[in-house]
Amino acid sequence: QVRLVESGGGLVQAGGSLRLSCAASGLTFSSYVMGWFRQAPGKEREYVAGIRRNGGNTYYADSVKGRFTISRDNAKNTVYLQMNSLKPEDTAVYYCAAAFRDYSNDYRQYNYWGQGTQVTVSS
């Protein structure tokens, strides 16, 4: 079966950095668009970043543009999210997701989801 497993979350001070990883198995990774989403308590799931199948195109929410970088290694079936200059408002559970269709920032277009990893940014 398809599995997406996130790692790399944790507690960090404002201004710090974290690198999230998402290891995929059970699917042809290079055939899927990958995305990162996040959800804070009491809020809706929010798109963070996306990357096309070959990694040639990346997309970001305005709130993270210039601070976060998404990348993928198709040989390792892994997608990454490098998060720099973290702010308290970045605190959330971060999810990676895989979409068989073309790129979208709509979570409903994604077919598979990981279990999430908590990121907490203290002020």
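Residues numbered from 1 in each chain as written. Predicted model: local features only at pLDDT ≥ 70, side-chain atom pairs only at ≥ 80, totals over all residues. Heavy atoms only, no water.

Trainee: Before we go on, may I ask you to explain the side chain of Arg 67 in this structure?
Mentor: Relative to the helices and strands, Arg 67 resides in the loop between strand S6 (58–60) and strand S7 (68–73). A distance of 2.9 Å separates a polar side-chain atom of Arg 67 from the backbone oxygen of Ser 63. Contacts of Arg 67, omitting those with residues within four sequence positions, involve Gln 82, Met 83, Asn 84, Ser 85, Leu 86, Lys 87 and Asp 90. (Helix = DSSP H or I, 4+ residues; strand = E, 2+ residues; numbered from the N terminus. Polar contact = N/O pair within 3.5 Å; in protein donor to acceptor, adjacent residues only side chain to side chain. Contact = heavy atoms within 4.5 Å.)

Trainee: What is the right way to read the nonpolar core from this model?
Mentor: By size, the foremost hydrophobic cluster in this structure holds 36 residues, and its most contacted members are Trp 36, Val 79, Leu 81, Met 83 and Tyr 94. Residue assignment for this core shows that the elements contributing at least two residues are strand S3 (18–25), strand S4 (33–39), strand S5 (46–51), S7, strand S8 (78–83), strand S9 (92–99) and strand S11 (117–122). (Core = buried A, V, L, I, M, F, W, Y, C linked by side-chain atoms within 4.5 Å. Buried < 20%, exposed > 50% of the residue type's maximum accessible area, 1.4 Å probe, protein only.)

Trainee: It is not clear to me how the pattern of salt bridges should be interpreted in this structure. Could you clarify?
Mentor: Opposite charge on two side chains makes pairing possible when the charged atoms of those side chains draw close. Overall, the coordinates contain 6 salt bridges when judged by the stated rule. One salt bridge in this structure joins Arg 38 and Glu 46, with 2.8 Å as the shortest N-O distance. Taking relative accessible area as the criterion, Arg 38 reaches 5% and is therefore assigned buried. Its relative accessible area of 31% is what places Glu 46 among the partly exposed residues. Across the pair Arg 38 and Asp 90 runs a salt bridge whose closest N-O atoms are separated by 2.9 Å. Taken together, the residues Arg 38 in strand S4 and Asp 90 in the loop between S8 and S9 connect sequence positions 52 residues apart. In the salt-bridge network here, residues are joined through shared partners; they are Arg 38, Glu 46, Arg 67 and Asp 90. (Salt bridge = Lys/Arg side-chain N within 4 Å of Asp/Glu carboxyl O.)

Trainee: Is there a simple way to think about the sheet that holds S7 in this case?
Mentor: The strands that make up a sheet are held in pairs by hydrogen bonds between backbone atoms, and each pair lies either parallel or antiparallel. Taken together, the 4 strands give an open sheet; going across it, the order is S1-S3-S8-S7, and neighbouring strands pair in antiparallel fashion. Taken across any chain shown, the strands that pair with only one partner, and hence form the sheet edges, are strand S1 (3–7) and S7. With direction set aside, neighbouring strand axes in the sheet form an average angle of 15°. (Pairing = 2+ DSSP bridges. Axes fitted to C-alpha atoms, helices over the stretch in contact; angles between N-to-C directions.)

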